[in-house]
Amino acid sequence: MSKSDPFGFDMSVRSSKKKNPRGRRGMSGESETSTRICDHDGCEEPGKFRAPKAPDVLDDFFWFCKDHVREYNLKWNFFDGKTEAEMNAQESADKVWERKTKDWRDPEARAWARLGIEDPHQVLGDKATRNPGKSAGGTRRLPPTERRAIEILEAKDHWTKAEVRKAYKALIKVLHPDMNGGDRSQEEQLQEVVWAWDQIKESRNFK
């Protein structure tokens, strides 16, 4: 802050940290202001280092002392419990920062395509009555992501989770390069199938 500043304001980052040190961390990742106790059983040391609780829960943390956070990190495996297909799909998604390629087709054309009509003029021909209406999409309400997942897995919304899983495994056998003779031309569809099963696997709408 300049001594000649008539208002007495100091807007520097250093000044802000001094006034509000909450959550300040050093270069080692240590939370200097943490007052927690280490989450390791039987340890009474200060818990200054945080670690995610699980690969699927990266925004919820354990707090450990230095020794126990090192031990925890050595055992950490992001892909623990995942299949080879899921690992390959995650690797492919990471290459594009998990940003899926947007469908470049015209939205109206995509709407017709869902009815099996490549050219809108076909609606005047023998496919004019093929609109299945609202009831064909399913027998109950589901979130849009789960409805899309069911469509990708070619399943029915009244199936049990075990039945949907069978459909998922059948598609994996067809699409995965290790099971179809090394054909990698369907990797994008494989990623969609893995994504779809993730939605159903965590859903409470399927028993």
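Above this text you will find the structure in question.
Below, the structure is looked at part by part. (Residues numbered from 1 in each chain as written. Predicted model: local features only at pLDDT ≥ 70, side-chain atom pairs only at ≥ 80, totals over all residues. Heavy atoms only, no water.)

Quick word on the side chain of aspartate 157
Here's step 1: Of note, aspartate 157 is situated in the loop between helix H5 (144–152) and helix H6 (161–175).
Here's step 2: Within the structure, aspartate 157 has its side chain in polar contact with the side chain of arginine 147 (distance 3.2 Å). (Helix = DSSP H or I, 4+ residues; strand = E, 2+ residues; numbered from the N terminus. Polar contact = N/O pair within 3.5 Å; in protein donor to acceptor, adjacent residues only side chain to side chain.)

Some points on the pattern of salt bridges
Pairs may arise between side chains of opposite charge once their charged atoms sit close together.
Here's step 1: Within the structure shown, the criterion is met by six salt bridges.
Here's step 2: The closest approach of N and O atoms between lysine 53 and aspartate 60, which form a salt bridge, is 3.5 Å.
Here's step 3: Residue arginine 148 pairs with glutamate 151 through a salt bridge whose shortest N-O separation is 3.5 Å. Of the two residues, arginine 148 and glutamate 151 both sit in helix H5, three residues apart, roughly one turn of that helix.
Here's step 4: On the basis of relative accessible area, arginine 148 is assigned to the partly exposed category, the value being 39%.
Here's step 5: Overall, glutamate 151 belongs to the partly exposed group, its relative accessible area being 46%.
Here's step 6: Members of the salt-bridge network, linked through shared partners, are Glu86, Asp198 and Lys201. (Salt bridge = Lys/Arg side-chain N within 4 Å of Asp/Glu carboxyl O. Buried < 20%, exposed > 50% of the residue type's maximum accessible area, 1.4 Å probe, protein only.)

Focus: the side chain of glutamate 146
Here's step 1: Within the element layout of this structure, glutamate 146 appears in helix H5.
Here's step 2: A distance of 2.8 Å separates a polar atom in the side chain of glutamate 146 from a polar atom in the side chain of asparagine 205.
Here's step 3: Once residues within four sequence positions are removed from consideration, glutamate 146 is found in contact with Gln199, Ile200, Ser203, Asn205 and Phe206. (Contact = heavy atoms within 4.5 Å.)

Side note on H5
Here's step 1: Of the residues making up H5, those classed as buried are Glu146, Arg147, Ala149, Ile150 and Ile152.
Here's step 2: Considering only its buried residues, H5 is in contact with H6 and helix H7 (187–201).
Here's step 3: Following H5 by one or two positions, glutamate 154 adopts a phi angle in the positive range, close to 55°.

Let's talk about the pairing of strand E1 (residues 49–54)
Here's step 1: Where E1 and strand E2 (residues 57–64) come together, five bridges link them in antiparallel fashion. Across the sheet, the residue bridging to alanine 51 is phenylalanine 62, located in E2. (Pairing = 2+ DSSP bridges.)

A closer look at the environment of phenylalanine 78
Here's step 1: Counting through the fold element by element, phenylalanine 78 comes out in the loop between helix H2 (66–75) and helix H3 (84–95).
Here's step 2: For phenylalanine 78, a relative accessible area of 27% translates into the label partly exposed.
Here's step 3: C-alpha of phenylalanine 78 to C-alpha of proline 55: the two residues are 23 residues apart in sequence and 5.1 Å apart in space.
Here's step 4: Those residues within four positions of phenylalanine 78 in sequence are excluded, and the remaining contacts are Pro55, Leu58 and Gln90.

Focus: the nonpolar core
Here's step 1: Judged by nonpolar contacts, the single largest core of 20 residues is most densely connected at Ile150, Leu153, Val164, Tyr168, Ile172, Val193 and Ile200.
Here's step 2: Of all the secondary structure elements, the ones that give two or more residues to this core are H3, H5, H6 and H7.
Here's step 3: Examining the composition of this core, we find that six residues originate from one element, H7, more than from any other.
Here's step 4: Once residues within four sequence positions are removed from consideration, valine 193 is found in contact with Ile152, Leu153, Tyr168, Leu171, Ile172 and Leu175.
Here's step 5: Core analysis: the next-biggest nonpolar cluster, separate from the first, contains eight residues, Cys38, Cys43, Ala51 and Val69 among them. (Core = buried A, V, L, I, M, F, W, Y, C linked by side-chain atoms within 4.5 Å.)

Considering the packing of H5 against H7
Here's step 1: In the contact formed by H5 and H7, the axes pass within 8 Å of each other and the chain directions differ by 130°. Comparing their axes, H7 and H5 come out oblique. For the element pair H5 and H7, the recorded crossing hand is left-handed. In contact with Thr145, Glu146, Arg148, Ala149, Ile150 and Ile152 of H5, H7 contributes Glu192, Val193, Trp195, Ala196, Gln199 and Ile200.
Here's step 2: Across the contact of H5 with H7, the residue classes tally to seven nonpolar, two polar and three charged. (Axes fitted to C-alpha atoms, helices over the stretch in contact; angles between N-to-C directions. Parallel < 35°, antiparallel > 145°, perpendicular 65-115°, else oblique. Left-handed = near helix turned anticlockwise from the far one by under 90°. Nonpolar A, V, L, I, M, F, W, Y, C, P; charged D, E, K, R; others polar.)

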